[in-house]
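# A structural walkthrough
Below are the chains, spelled out letter by letter.
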Amino acid sequence: MTNTTETKNICGLRREDFQTTVNGKKTDLFILKNKAGNEVAITNYGGAVVAIMVPDKDGKLANVIQGHDNIQDVINSPEPYLSTLIGRFGNRIAKGKFTLHGKEYSLPINNGPNALHGGVKGFNARVWKPEMMNDQTLVLHYVAAYGEEGFTGELKTTVVYTWTDNNELQIEYLACTNKKTIVNLTHHGFFSLAGIANPTPKVDNLICEINADFYLPIDETSIPTGEIRCVEGTPFDFRTPKEVGKDIDADNLQIKRGAGYDHCFVLNKKEEGELSFAARITEPKSGRTMEVYTTEPGMQLYTDNWADGYKGQHGATFPKRSAICFECQHFPDSPNRPYFPSVVLKEGEQYKQKTIYKFGVK
Ligand SMILES: OC[C@H]1O[C@@H](O)[C@H](O)[C@@H](O)[C@@H]1O
């Protein structure tokens, strides 16, 4: 297996730069290689994907996901969710409060007045137990303790990354609890289809299509207002492909609140939980495409609106808006909105979600 031998150069990265010990647990870099010869590199620190090497229309390989080239930079990143796993609860919970079986829970506040992405030390900042199944499958395990980051119930979590021969990065999530809890897992890939370069180009000229007739407007603290609004005639209408930059700075209250796109789309589904088409982007210059499929009801479109000008892999600097994120998940603040799809997981039940990022060329 690839990881048993010392690899000097993995996707332009060095394995040893990812090897350290954090709270007694070892971090490393794992490489998945498919039959087409294309590689993906993942660290078990937060499950951060640090490389996805895919060809452009002329067959030229480039890394299309933002990350860092060493473990210290991953740990201290100005963007703590840079292409990492997110849990136990993706996105925001208003004021960090929710009620479950008649009891009110208070989570640490880490984003304005709200709780974001599972707390001060979420799944993105944990060392996961790695298991290489074969050259194309990495499994990560993490057990979130009862009470960790304010959540009830121990949560045993498994994430399976599979890199298929047709350049699909499949991410499957499984979890179970010993006491009723809430769970909303996702992966926060920061995709730059033009390829990581210095400077990494902005996302404005990506052509984007999103399979959603509705989205969730947000209040001034980025919590869904509760309204499920039609995208028709708004900057959020991506039902026919359009440039990401077309309305990203539109004179629109929702766009202003998000400082760009930072909103959950309600994905069109025939059936709850079906694995279906969510989004597609095309980068016109390189011809690279990415399609997203998910079992989840929602997808947060985030256009990298905040962290600006920090150093990433391959000597690159990442200006803000140089990546696009499609976080497939249940809706933000679901625990406080009984009419949103439920995020409650009971003892004896199994949480499952699957999302696929499929790379190609046009
Ligand atoms: O990486 C952090 C970003 O993650 C997104 O899911 C949130 O909605 C953004 O507000 C946040 O800045």
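The name an unreviewed UniProt entry assigns to the chain is Aldose 1-epimerase, from the organism Hallella colorans. In the Catalytic activity (unreviewed entry) part of its UniProt record, the chain is described as follows: "alpha-D-glucose = beta-D-glucose". Looking at the Sequence similarities (unreviewed entry) heading of the UniProt record, one finds this comment for the chain: "Belongs to the aldose epimerase family."

Attention shifts here to unusual backbone geometry. Backbone phi values are negative for most residues with the exception of glycine, while trans is the configuration of most peptide bonds. Residue Arg 88 follows Gly 87 across a cis peptide bond; omega there is 0 degrees. Mapped onto the secondary structure, Arg 88 falls in the loop between strand S7 (85–86) and strand S8 (92–93). Across the junction of Asn 198 and Pro 199, the peptide omega takes the value -5 degrees, indicating a cis bond. Assignment of secondary structure puts Pro 199 in the loop between strand S17 (186–187) and strand S18 (207–210). For Asn 167, which is not glycine, the phi torsion reads 60 degrees and is therefore positive.

It is worth spelling out the sheet that holds strand S22 (residues 262–267) at this point. Here 5 strands make up an open sheet; going across it, the order is S20-S19-S22-S25-S28 and the pairing antiparallel. With one partner strand each, in any of the chains shown, strand S20 (229–230) and strand S28 (325–329) form the two edges of the open sheet. Across 2 bridges, strand S19 (residues 212–216) lies against S20 in antiparallel orientation. Each bridged residue has a counterpart across the sheet, and for Phe 214 the counterpart in S20 is Cys 230.

Parameters at a glance
Residue positions are counted from 1 within each chain, in the order its sequence is given. Per-residue local features are limited, in this predicted model, to residues with pLDDT of at least 70; the limit for side-chain atom pairs, both in listing and counting, is 80 or more; totals at the level of whole chains, interfaces and linings are taken over all residues. As a convention, hydrogens and water are excluded, and side-chain values are obtained from all of the structure's heavy atoms. UniProt positions are given in the numbering used here, feature names are shortened, and annotations may be inferred rather than shown by experiment. Numbering goes from the N terminus for both helices and strands, where a helix is a DSSP run of H or I of at least four residues and a strand is a run of E of at least two. When DSSP locates at least two bridges between a pair of strands, those strands are taken to pair.

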